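In case you want the letters, here they are:
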Amino acid sequence: MPTAPNLYSFDNPTDLVKNLRAFIIDAQNSSLERHDVFRVAVSGGSLPKTMGEALLMKGTSKEDTPQFAKWEIFYADERAVPLDHEDSNHRLVKEEFLDKIPEDMDKPTVFPIDTKYLDDVQEMADQYEKTLVKSFAARDSVRIPMFDLILLGCGPDGHTCSLFPGSPLLRETEAWVLPIFDSPKPPPKRITLSLPVASHGIKIGYLATGAGKKEILQKIFDTEEGRGLPCGLVNEFAGERVSWFTDSAATEGVSFPSRSTL
Ligand SMILES: O=C(O)[C@H](O)[C@@H](O)[C@H](O)[C@H](O)COP(=O)(O)O
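Keep in mind the model is a prediction, meaning the values are calculated, not measured.

Topic: the overall build of the protein chain
Assigned secondary structure in the protein chain consists of nine helices and 11 strands. Here the C-alpha atoms of the protein chain give a radius of gyration of 17 Å, agreeing with the 18 Å that 2.2 N^0.38 yields for 262 residues. Oriented by its inertia axes, the alpha-carbon framework of the protein chain measures out at about 45 × 45 × 35 Å. Taking all 262 residues of the protein chain together, the buried fraction comes to 44%. Considering only intrachain contacts with a sequence separation of at least 6, the fraction spanning at least 24 residues in the protein chain is 77%.

This is the structure in structure tokens:
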């Protein structure tokens, strides 16, 4: 029986960024000890900017420094648009993080979508799944890929990745990557990790800050209905493997009992 997710609520953005960094570096260090590679999946939204802020701070020791040469970055969800399009999650990650990595540091290996398949999102999802198979199955022969870290956001309706409330995609048990043709959040065509993969990370970090997240966090943590929303399902399946990085504006009124700081 999984134990409850961790909900960290910070009073100021600097503390949140520092703690998010510690969480990511800790996940990196234990992954490198285990298999000498750090496989991370990231979402879009507000996450890439904060992730950039967290990882571009100077480290104080080797243990406190990102070893980017060993990082493999995948997309937890991506919009079916060119990589330099304003809606592209890859563009966001590139501008907010990758392009800002100092010259004297190594660069992560990044796996963007193949834009050959922009007009065929089913094929795009299948091809992205093949990219995962190459990285995971060859090394680990796994049924469900287990990312070392999955960094996600939470939409105002409780969606996560591009898994939206009520979507039949939430029932998927086999595929690793799924196409979306009619996303309620634009743009409509996307690909996303399936729920089993999104909730299978060794560590899962959520970023949800600001008063705009207050109602949905209350719902997810305090109501039965919220526990059935995509973010609530990740909480339920992954339990203590999930850590929420939030601020006081977002958690005001949440009565979740194990609220704490790192
Ligand atoms: O590409 C996307 O649309 C995202 O991956 C999506 O799942 C996002 O993470 C949430 O909508 C939260 O977004 P914010 O962090 O901007 O609220």
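Digging into the packing of helix H2 (residues 47-55) against helix H3 (residues 89-96)
Running from amino to carboxyl end, H2 crosses H3 at an angle of 25°, the nearest separation of the two axes being 8 Å. Comparing their axes, H3 and H2 come out roughly parallel. Along this stretch, H2 crosses H3, giving a crossing that reads as right-handed. Two secondary-structure elements touch here, H2 through Pro 48, Lys 49 and Gly 52 and H3 through Leu 92, Val 93 and Glu 96. Of the residues assigned to the contact of H2 with H3, the class counts are three nonpolar, one polar and two charged.

Section: the environment of Thr 115
One can find Thr 115 in the loop between strand E5 (109-110) and helix H4 (121-140). According to the C-beta neighbour criterion, Thr 115 is partly exposed, with 15 such atoms within 10 Å. Sequence separation between Thr 115 and Val 177 is 62 residues; the distance between their C-alpha atoms is 16 Å. Here Thr 115 is in contact with Pro 82 and Leu 83, once residues within four sequence places are set aside.

Some words on the nonpolar core
Among the nonpolar cores identified, the biggest contains 69 residues, and Val 40, Ala 41, Val 42, Ala 76, Ile 150, Ile 191 and Ala 198 are the most heavily contacted of them. Once residues within four sequence positions are removed from consideration, Val 42 is found in contact with Leu 47, Pro 48, Met 51, Ile 73, Tyr 75, Ala 76, Val 93 and Leu 151.

Here's the deal with the confidence of the model for the protein chain
Of the residues in the protein chain, 95% reach a pLDDT of 70 or more, and the chain-wide mean stands at 94. This prediction of the complex comes with two scores: 0.96 for pTM and 0.97 for ipTM.

Details of the site of the ligand
Taken together, the neighbourhood of the ligand is formed by 14 residues, with Ser 43, Gly 44, Gly 45, Ser 46 and Gly 153 sitting nearest. The residue makeup of the shell around the ligand, split by class, is three nonpolar, nine polar and two charged.

Concerning the environment of Val 197
Looking at the secondary structure, you find Val 197 in helix H5 (residues 195-198). Measuring from C-alpha to C-alpha, the distance between Val 197 and Ser 61 comes to 33 Å, with 136 residues separating the pair along the chain. Beyond its immediate stretch of four places on either side in the chain, Val 197 contacts Ile 144, Pro 145 and Trp 176.

Describing helix H1 (residues 13-35)
Along its 23 residues, H1 runs 33 Å from first to last C-alpha, staying within 8% of the 33 Å computed at 1.5 Å per residue. Restricting attention to buried positions, one finds in H1 the residues Leu 16, Val 17, Leu 20, Arg 21, Phe 23, Ile 24, Ala 27, Gln 28 and Ser 31. Contacts made by the buried residues of H1 are with strand E1 (6-10), strand E2 (38-42), H2, strand E6 (149-153), strand E9 (203-208) and strand E10 (242-247). Positive backbone phi, at 60°, marks Asp 36, one or two positions downstream of H1.

Examining the pairing of E10
Taken across its six residues, E10 has five buried, putting it largely inside the fold. Bridge count between E1 and E10: five bridges; the pairing is parallel. For Phe 10, the partnering residue across the bridge sits in E10 and is Asp 247. Where E9 lies against E10, five bridges are found, and the strand directions are parallel. Across the sheet, the residue bridging to Tyr 206 is Trp 244, located in E10.

Definitions and cut-offs
Residues numbered from 1 in each chain as written. Predicted model: local features only at pLDDT ≥ 70, side-chain atom pairs only at ≥ 80, totals over all residues. Helix = DSSP H or I, 4+ residues; strand = E, 2+ residues; numbered from the N terminus. Rg over C-alpha atoms; globule rule 2.2 N^0.38 Å. Buried ≥ 20, exposed ≤ 12 C-beta atoms within 10 Å, placed from the backbone. Contact = placed C-beta atoms within 7 Å. Axes fitted to C-alpha atoms, helices over the stretch in contact; angles between N-to-C directions. Parallel < 35°, antiparallel > 145°, perpendicular 65-115°, else oblique. Left-handed = near helix turned anticlockwise from the far one by under 90°. Nonpolar A, V, L, I, M, F, W, Y, C, P; charged D, E, K, R; others polar. Core = buried A, V, L, I, M, F, W, Y, C linked by C-beta atoms within 7 Å. pLDDT = per-residue confidence, 0-100. Near = placed C-beta within 6 Å. Expected span 1.5 Å × (residues − 1). Pairing = 2+ DSSP bridges.

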